Amino acid sequence: QKLKEHNDQVAEEKEQELVDAQLLKKELESKEVEIKTKSGEGGRLFGSISSKQVVDAFSKQHDLKIDKRKLEMDQPLKSLGYHKLKAKLHPKVIAEIKVHVAEQ
C-alpha cells in the first residue's frame, strides 16, 4: 500500500514538473532579452556573451529564473544582432529563446 502511494506521489510530481516546464516554455518564448555590450568594426564584440550573462539578463528584465546549465550554447555569442538559443527545461520540453545583442 505504501509503495503504491509513493509511486503515485512520484508520478504526480513528474507530471507537475512537465506542466511547469511547459508553462515556463510559453513564457520564455513570448519574451526577448536584450544585452548591451561594446562592439568593434563589422558588429564583432569585444569579448563575448556567455550563458551566465543571458540567464542574468532574463532574471533582471523579466524576473524569470533559468538554470544556465539548461541553455544549449555551443559557443559564446560573438556578434551583434538577434540570436536564438535552446533551453532544455525538461526531457520532453525544449524552449527557443530570443536574445538581442545590441551596441552599448
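For the structure, see preceding data.
To keep things clear, this report deals only with the structure shown in the data block.

Here is what the cut-offs are and how they apply
Residues numbered from 1 in each chain as written. Predicted model: local features only at pLDDT ≥ 70, side-chain atom pairs only at ≥ 80, totals over all residues. Heavy atoms only, no water. Pairing = 2+ DSSP bridges. Helix = DSSP H or I, 4+ residues; strand = E, 2+ residues; numbered from the N terminus. Contact = heavy atoms within 4.5 Å. Axes fitted to C-alpha atoms, helices over the stretch in contact; angles between N-to-C directions. Buried < 20%, exposed > 50% of the residue type's maximum accessible area, 1.4 Å probe, protein only.

### What about the sheet that holds strand β5 (residues 81–90)?
What links the strands of a sheet is backbone hydrogen bonding, and the strands pair in either a parallel or an antiparallel sense.
Thought 1: One open sheet accounts for four strands, arranged β1-β6-β5-β3; its pairing is mixed. Bordering the open sheet on either side are β1 (32–37) and β3 (71–72), each of which pairs with just one other strand.
Thought 2: In this structure, β3 lies alongside β5, joined through two bridges in antiparallel fashion. By the bridge assignment, L71 is partnered in β5 with A87.
Thought 3: Helix α1 (residues 2–29) rests against β5 and β6 (93–103) of the sheet, and its axis sits at about 30° to β6.
Thought 4: The strands touched by helix α2 (residues 51–62) are β1, β3, β5 and β6; relative to β1, the strand with the most contacts, the crossing angle is about 120°.

### Observations concerning unusual backbone geometry
Thought 1: In this structure, D63 is a non-glycine residue whose phi angle is positive, near 55°.
Thought 2: Residue placement: D63 occurs in the loop between α2 and β3.
Thought 3: Taking relative accessible area as the criterion, D63 reaches 61% and is therefore assigned exposed.

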